[in-house]
Structures are given as structure tokens and as C-alpha cells.
Amino acid sequence: MHFIITDARLARSHAIHLSGTRLVLALLTLSLVLMLMSLGLYQWVFLKAAREHWPVIGSLVRVVARDEFEQRDRFMRENLDAMARKLGDMQARMMQLDALGERVSGLAGINPQDLKTPPGRGGALVEGRPLSLQELQSTLDDLERLTGERTDLLTVMESRLIDQRLKKMMVPTQAPVAGAPIGSRFGWRIDPFTGRQALHTGLDFEATVGTPIVAAAGGVVVTAGPHPEYGNMVEIDHGNGLVTRYGHASRLLVKKGDLVKRGQQIALVGSTGRSTGPHLHFEVLVQGVQQDPQKFLAGAGKPGPVQAAAPPPAPLAQNLAQVTLLPGHRPN
């Protein structure tokens, strides 16, 4: 492309030759200059109009500013709505966390008010810059994640504590007759009917006829009916091979298959079966072997290893040679 510039006063001309590349560069340079001039003019005019309140341009500036403020307000409102929803979710999680904390502390035997006491805080003030919206959002996300983790942890703890409490309630640690003195203890004694040495496989609780008998622990009734030696008898299975037996009752208040809880009345004291007077014969069996009930009632909480009764005194060995203890033996 050729440009010819003519000067009439000097009566001469000047020719400029532009190739394709030079023409493109020239146009780009001209466009950039025009854009910079327009931007500078825009800034100068609008700033001056805004300061001096020009009628037309001032109105235009107010329209532009109002539109910009509306966009900012819309953006902030949307973010505030999202943060409000997140705060609502976090509030619900915190309420769930508080409820879980109270239940877990109750199961663990801790006063929930002790956990709500705010910790002491203090120290020198070192101010920092305000949090940005993104940083605040990130902090809320971290807090929500931490709250979820704590909720899951407390849920697991609650489940395990409930499981431990249920297992504990299935161990016979409650006296079957409240306040009743113990007559015969577990071990070897002189049998009241034969006058010979015999193994007493339980505890005898002395009480009057009609005194309530309660379950020493929760479980399922597996036997409820008359027996030649135990009279009216109840057997409760507590799981894990643990069974309690209640004999010589005058009346049974449960039947086979009933689900009973600790402390529930199951029978009334009597003197049925192989008995010399009103009392409750109470036994604890582990895997079918009689154990000393006193070990459970003393609050041991867990059955110990299966042990045989202590051997009888040596002078009575001849009498015991005449006694044969079979697996189905049921002394009074």
C-alpha cells in the first residue's frame, strides 16, 4: 500500500510504502492509542461529573453505580443465604452433638454440666487482618467436617457404652430377695434330710411365704414349673452360658419364654419341693456348672473361671465316699 503526502506550500510530495505486516502493526498501534485515550477521557469525564454533579452525566454515573451496587448486593445476598443455610446445618449438628454428649456422659457416669463449662482463655492481643469471604467459607467447611467427625465418634462411643451396660445388666448382681438374710451358703454342709455331708450348690435366702422374688439380671425364662427337688422353680437364661435358678417358690409369676428385666418379680417365696421351711434357693450356673452366687452378688460384675467346690474336710472322707455327684444332681 502506498501513501502519497503532498505539501502545497512547499510544492513537493512524499511517498510512504506500507507492506502488509507494517499495516497490521500500524492499525494495532492506532487502536491501542485510541483505547487508551478513550479510557482516560472516560475516567476524567465521569470522575469530574461525579464530583461536580453534572446533570446528564451525573445521572448516568448514578445509574451505573446503582447497577454495580445491585450486583454487589445480589452477590452478597446469595453468599449470605448460602452461609445461613450452612450455619443452620451446623446448628442442627451441634444440637445433635450436644444430645449425643449428654447421653454418652450419662452412660459413662459423668455430669453433663461439667462438659459444658467453657475452658479458660487469654493471652496478649495480636491483631490480624479481617477474614475474607473465601476464608470464612473455608473455616465453616472445616468446622462442619470436624463436627461430623465428632458426631461419628460419639455415636460409636454411645453404641459401645450401651453394649457394655446391656452386658452388665445381664450379669446376676442383684439380690433376688431384698434384705433377706442368707441361711446356707454355697459349699459343703450337712444335709438337713440325710445328715451326711453334701454339696450345697447355691444360696438360701430366709424369708416368709409370699415374699417377692426378683430376677437377679435380665434374660429369658427357660424353665417355669414344678420340680421334684426344687419345687416350683424358675430358670432364666442370661446369655453366654449364664443361667440363674430360683427354687422352692410358692407361686410363679412368669412362664417359659417370657422376657424379664433386672429386678422384675418372677415368683413368691415358699417351701415347695425338697425344703424344710420357707426360703429361696438361688443358684448361678456357668456353662451348666454351679458357681458361688455370692461372687456375683458381691458386685464382681463378670463371672470368673469355672471352679469346682472346695474339697470337704479330711475327717469326712469316709462319709463322702458313699455320695455320688452326677451331672444332673440337684441338692436343695
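Reading the values: rules and limits
All residue numbers refer to positions counted from 1 along the written sequence of the respective chain. Whole-chain, interface and lining totals are the exception, using all residues; otherwise, since this is a predicted model, local features are given only for residues with pLDDT of at least 70 and side-chain atom pairs are given and counted only at 80 or more. Only hydrogens and water are set aside when side-chain values are computed; all heavy atoms of the structure are taken into account. Numbered from the N terminus, helices here are DSSP runs of H or I no shorter than four residues, and strands are runs of E no shorter than two. Working definition: with a 1.4 Å probe on protein chains only, accessible area under 20% of the residue-type maximum means buried, over 50% means exposed, and in between means partly exposed. For accessible areas, the Shrake-Rupley method is used with a probe of radius 1.4 Å. Any residue's cover is judged against the shown protein chains and nothing else. pLDDT expresses how confident the predictor is about each individual residue, on a scale running from 0 to 100. Any pair of residues with heavy atoms lying within 4.5 Å of one another is described as a contacting pair. A residue counts toward a patch only above 30% relative accessible area and without a salt bridge, and it is joined to like-charged neighbours within 9 Å or, for Val, Leu, Ile, Met, Phe, Trp and Tyr, to nonpolar neighbours within 5 Å. The salt bridge criterion pairs a side-chain nitrogen of Lys or Arg with a carboxyl oxygen of Asp or Glu, the two atoms within 4 Å. Residues grouped as a nonpolar core are buried Ala, Val, Leu, Ile, Met, Phe, Trp, Tyr and Cys residues, joined through side-chain atoms within 4.5 Å. Think of it this way: DSSP has to see at least two bridges between two strands before they count as a pair. Whenever two N or O atoms come within 3.5 Å, that pair is a polar contact, provided that in protein one can donate a hydrogen and the other can accept it, and provided that, for residues adjacent in sequence, both atoms are side-chain atoms. Stacked, edge-to-face and tilted are the three classes for Phe, Tyr and Trp ring pairs, Trp counted by its six-membered ring, which pair at centre distances within 6.5 Å; planes under 30 degrees apart are stacked, over 60 edge-to-face, the rest tilted.

### Things to note about the overall build of the protein chain
Reasoning step 1: Each helix and strand in the protein chain was counted, giving six helices and 13 strands.
Reasoning step 2: Across the 332 residues of the protein chain, 27% fall into the buried class.
Reasoning step 3: Just so you have it, the protein chain exposes about 22,000 Å², and 60% of that area is on carbon and sulfur atoms.

### Digging into the confidence of the model for the protein chain
Reasoning step 1: In the predicted model, the protein chain carries a mean pLDDT of 78, and 72% of its residues have values of at least 70.
Reasoning step 2: Throughout residues 300-310 the model reports pLDDT below 50, and contacts reaching past four residues in sequence, or to other chains, amount to 17 contacts.
Reasoning step 3: Considering only residues more than four positions removed or in separate chains, one finds that residues 313-331, a stretch of pLDDT under 50, has 23 contacts.

### Examining a nonpolar patch on the surface
Reasoning step 1: Together, Leu-30, Val-33, Leu-34 and Met-37 line one region of the surface with nonpolar side chains, adding up to about 380 Å² of accessible area.
Reasoning step 2: Inspection of the secondary structure assignment puts Met-37 in helix α1 (residues 20-52).

### Concerning the pattern of salt bridges
Reasoning step 1: For the structure on display, the rule yields five salt bridges.
Reasoning step 2: Between Asp-204 and Arg-189 there is a salt bridge whose closest N-O contact spans 3.6 Å. With Asp-204 in strand β5 (residues 203-206) and Arg-189 in strand β3 (residues 187-190), the pair connects residues that are 15 residues apart, well separated along the chain. Judged on exposure class, the residue Asp-204 and its partner Arg-189 are both buried.

### Re the nonpolar core
Reasoning step 1: In terms of nonpolar packing, the biggest core is built from 26 residues, with Val-177, Phe-205, Ile-213, Ile-236, Tyr-246, Ile-266 and Phe-282 touching the most fellow members.
Reasoning step 2: At the level of elements, β5, β8 (231-239), β9 (242-252), β11 (265-269), β12 (279-286) and α5 (293-300) are the ones that each hand at least two residues to this core.
Reasoning step 3: Take this core: its biggest share by element is four residues, from β12.

### Thoughts on the pairing of strand β4 (residues 197-200)
One face of the sheet, then the other: side chains in a regular strand alternate in exactly this way.
Reasoning step 1: Here β4 shows a buried face lined by Gln-197 and Leu-199 and a second buried face lined by Ala-198 and His-200.
Reasoning step 2: In the sheet, β3 pairs with β4 via four bridges, with the strands oriented antiparallel. Its bridge partner lying in β4, Gly-187 is registered against His-200.

### Some thoughts on the side chain of His-200
Reasoning step 1: Mapped onto the fold, His-200 is located in strand β4.
Reasoning step 2: Side-chain polar atoms of His-200 contact the side chain of Asp-204, separated by 3.3 Å.
Reasoning step 3: Polar contacts involving the side chain of His-200 include one to the side chain of His-281, which spans 3.3 Å.

### Considerations on the environment of Pro-192
Reasoning step 1: Checked against the element boundaries, Pro-192 lands in the loop between β3 and β4.
Reasoning step 2: On the basis of relative accessible area, Pro-192 is assigned to the partly exposed category, the value being 44%.
Reasoning step 3: The spatial distance from the C-alpha of Pro-192 to the C-alpha of Thr-276 is 7.8 Å, given a sequence separation of 84 residues.

### Some thoughts on the packing of aromatic side chains
Reasoning step 1: What the rule picks out here adds up to two aromatic pairs.
Reasoning step 2: A centroid spacing of 5.3 Å and a plane angle of 45° characterise the contact between Tyr-246 and Phe-282, whose relative ring orientation is tilted. On the criterion of sequence distance, the pair formed by Tyr-246 in strand β9 and Phe-282 in strand β12 is long-range, its members being 36 residues apart.
Reasoning step 3: In this structure Phe-282 comes out as buried when scored by relative accessible area, which is 0%.

### Overview of unusual backbone geometry
Reasoning step 1: Notably, Asn-240 is not glycine yet its phi reads approximately 60°, a positive angle.
Reasoning step 2: Of note, Asn-240 is situated in the loop between β8 and β9.
Reasoning step 3: Positive phi, close to 70°, is recorded for His-248, a residue that is not glycine.
Reasoning step 4: Along the chain, His-248 falls in strand β9.
Reasoning step 5: In this structure His-248 comes out as buried when scored by relative accessible area, which is 0%.

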